[in-house]
Amino acid sequence: MTDKPRSTRRLVVVLGDQLNLDSLALEGFSPAQDVIWMCEAAQESTHVPSSKHRIVMFLSAMRHFAMELHDKNWSVDYTLLNDPSHSGTLVGELGKALKKFKPEEMVVAQPGEYRLLQGLQDLSASTGVPLTVTHDAHFFTQPKDFEQFASSRKQLRMEYWYRELREKFNILMEDGKPSAGQWNFDAENRKSFDKNGPVNVPSVTEFKPDQVTKEVIELVNSYFKDHVGHLDSFSRPVTRADALRTLKLFINERLTLFGDYEDAMWTDEPWLYHSHLSAALNLKLLNPREVVLAAEKAYQSGQAPIESVEGFIRQILGWREYVRGMYWLKMPQYLELNHLKATHPLPNFYWTGNTSMVCLSQSIQQTLHHGYAHHIQRLMVLGLYTLMYGVHPVEVHEWFLSVFVDAVEWAELPNSLGMSQYGDGGLMASKPYIASGKYIQRMSNYCKSCPFDPSISVGPKACPMTTLYWDFLITHQSLLTKNPRMGMQLKNLARLDAEKVIAIQNAASEHRAQVGRVKNPVNYS
Ligand SMILES: Cc1cc2nc3c(=O)[nH]c(=O)nc-3n(C[C@H](O)[C@H](O)[C@H](O)COP(=O)(O)OP(=O)(O)OC[C@H]3O[C@@H](n4cnc5c(N)ncnc54)[C@H](O)[C@@H]3O)c2cc1C
Ligand code: SF4
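Keep in mind that this is a model prediction, so the values were computed, not measured.

The rules behind the values
Residues numbered from 1 in each chain as written. Chains lettered and ligands numbered in written order. Predicted model: local features only at pLDDT ≥ 70, side-chain atom pairs only at ≥ 80, totals over all residues. Heavy atoms only, no water. Core = buried A, V, L, I, M, F, W, Y, C linked by side-chain atoms within 4.5 Å. Buried < 20%, exposed > 50% of the residue type's maximum accessible area, 1.4 Å probe, protein only. Helix = DSSP H or I, 4+ residues; strand = E, 2+ residues; numbered from the N terminus. Contact = heavy atoms within 4.5 Å. Pairing = 2+ DSSP bridges. Axes fitted to C-alpha atoms, helices over the stretch in contact; angles between N-to-C directions. Near = heavy atom within 4 Å. 1 Å grid on protein atoms, 1.4 Å probe; cavity = no way out; pocket = protein on both sides within 12 Å on 5 of 7 lines; lining within 4 Å. Sits in = over half its atoms within 2 Å of the grid points. Points joined across faces, edges and corners; volume = space filled by probe spheres on them. Nonpolar A, V, L, I, M, F, W, Y, C, P; charged D, E, K, R; others polar.

### Structural notes on the nonpolar core
Ile-36, Met-38, Leu-255, Leu-360, Tyr-385 and Met-465 are the most contacted members of the largest nonpolar core, which has 146 residues in total. Counting residues per element, this core draws most heavily on helix 11 (residues 306-330), at eleven residues. With residues near it in sequence (within four places) discarded, Ile-36 still touches Val-12, Val-14, Leu-26, Phe-29, Leu-69, Trp-74, Ser-75, Val-76 and Asp-77. Core analysis: the second largest hydrophobic core is formed by 19 residues, Val-13, Cys-39, Leu-90 and Leu-94 among them.

See the structure below:
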């Protein structure tokens, strides 16, 4: 805490996901005239019931960053979560800080959440203290760039956005053409493991909690004791130095096989060849430019193949920038979208992992243990089930925002409500991401130890994913007919006789009834 009793020029607001010294909000920072304001607020962990992992990730990284600022002799006004006079909210505390410092202006880098931007703007309006919102330097593009892209197109497909950025930033380009003669190696990124599974997967980069993280873990275990998650295994990078080490090890040990096995899943193998960099990127411990550059260099030096490097860069330069653009283009209306009119509550087992469906229990339990699941687990297991079950997209969104260490709304909402739940009616995805249990059987070994059979849709051995897949097609048939990309799936549906259709509908209803009867033993509020 600082207690500088002098007039303040700027109060620089640093939010929990803005932990970069090169933030434009800190440009021209004068230790003699300006103060940095940081705050741990309970509401940020309860407006959706954040998992313990996610809370520790944010609080520990914030505390480490504040220490870095102190080391530079910069004035930091830092409110602790358990400050006895805490109002509980970020805006409440900022209001107090405005009274204390009477700054000429507040400065903040573009927040990652519409709700927070709104809160800061409202506070500025009610107090008369001007608010300057700078760009966030940790993206290649700014929301207005995406707006411009969107203004000239009927369909906002990621691929065209990605190609524009490859050219604009000269990434994986040779003589004005894409490296290795292709924009996209997606088709080469879909291998599954053979029956022996993944071999020699490098051990995950773990960081033993230091004293700061240990204190945060203790605080979270007592303050948020009813929230989901187990902190025994917390070992994520919470400083820039640790994040840089994770990046280096990823490039050296995992990137080569990243492309081949990007979509593959395997029992008790949560990490595989993914980078696990999303939280470090989203909290701004790493700059996406340095991550992309490191991968590109690995290609240029012959260390990693183009399929892997292009696949990885596409995720960061393409998808990451695209979902952020979509978020700011469509908020706040985006949160209201429910194209498929889904109404069911989220099944309780999403908070416990307690289900006999092995694909779901594996994906949920690793999420509760590590705050991590890779993209295909999120999209083609966790999101797939809620989509076909018919869970209300806001419930799905709130769960995804709660449980992952990398969860920030600009990244999470378009991915969950849009890409995964088709809530936006096809803005993000050209068709709903639906599949039967056979897809999961092809991409993993989960089905081998599951009591259900992915090729069966009705009866005691029926795989719920397969039952719900057909039920989804039956329920939304008329809506999907308009989509040319659904032709093959609807053709297969047309082959089912009336009796089978009714049997599937009954099996799906029975499954939902069974799942709905199980009550949540976890109190997460
Ligand atoms: C329903 C759903 C919810 C998601 N919620 C989040 C979220 O809250 N925060 C988040 O960062 N990502 C989210 N993603 C995207 C993606 O699943 C994660 O970024 C990725 O799994 C993180 O693991 P990793 O760092 O090992 O990624 P890798 O597989 O190693 O990929 C490299 C990087 O690319 C970026 N990336 C990859 N895919 C996406 C994508 N679709 N959107 C944005 N960035 C992407 C991430 O920064 C990631 O670190 C979500 C995806 C789905 C389907
Ligand atoms: S059989 Fe069905 S429920 Fe079981 S793991 Fe496979 S896809 Fe999942």
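### Things to note about the sheet that holds strand 2 (residues 35-39)
Taken together, five strands build an open sheet; the order of strands is 3-2-1-4-5 and the sheet is parallel. On the outer flanks of this sheet lie strand 3 (76-79) and strand 5 (131-134), each paired with one strand and no other. Within this sheet the neighbouring strands show an average axis-to-axis angle of 25°, counted without direction. With four bridges connecting them, strand 2 and strand 3 associate as parallel partners. Paired with Cys-39 across the bridge in strand 3 is Thr-79. Contacts between helix 2 (residues 52-71) and the sheet are confined to strand 2 and strand 3, with strand 3 contributing the most and set at about 155° to the helix. Relative to the sheet, helix 4 (residues 114-127) contacts strand 4 (105-109) and strand 5, its axis offset from that of strand 5 by approximately 150°.

### Re the site of ligand 2
If you check the shell around ligand 2, you find Met-357, Cys-359, Gly-437, Ile-440, Tyr-446, Cys-447, Cys-450, Phe-452, Pro-454 and Cys-463 and nothing else. The cavity that encloses ligand 2 is the second largest cavity.

### Focus: empty space enclosed by the protein
Gaps left between atoms show up when a probe the size of a water molecule is rolled over them. In total, this model carries four cavities of 30 Å³ or more according to the counting rule given. What the largest cavity holds in volume is close to 370 Å³. In terms of lining, the largest cavity is formed by 24 residues, of which the most central are Gly-16, Glu-44, Arg-54, Phe-58 and Leu-116. When contributions to the lining of the largest cavity are tallied by element, the ones reaching two or more residues are strand 2, helix 1 (43-46) and helix 2. A per-element tally of the lining of the largest cavity places helix 2 first, with five residues. A breakdown of the residues in the lining of the largest cavity according to their chemical character gives 13 nonpolar, five polar and six charged. What the second largest cavity holds in volume is close to 90 Å³. Forming the boundary of the second largest cavity are 13 residues, of which Cys-359, Cys-447, Cys-450, Cys-463 and Met-465 lie nearest the centre. Breaking the lining of the second largest cavity down by element, the ones donating at least two residues are helix 12 (358-370), helix 16 (437-443) and helix 17 (464-475). Split by residue class, the lining of the second largest cavity holds twelve nonpolar, one polar and no charged.

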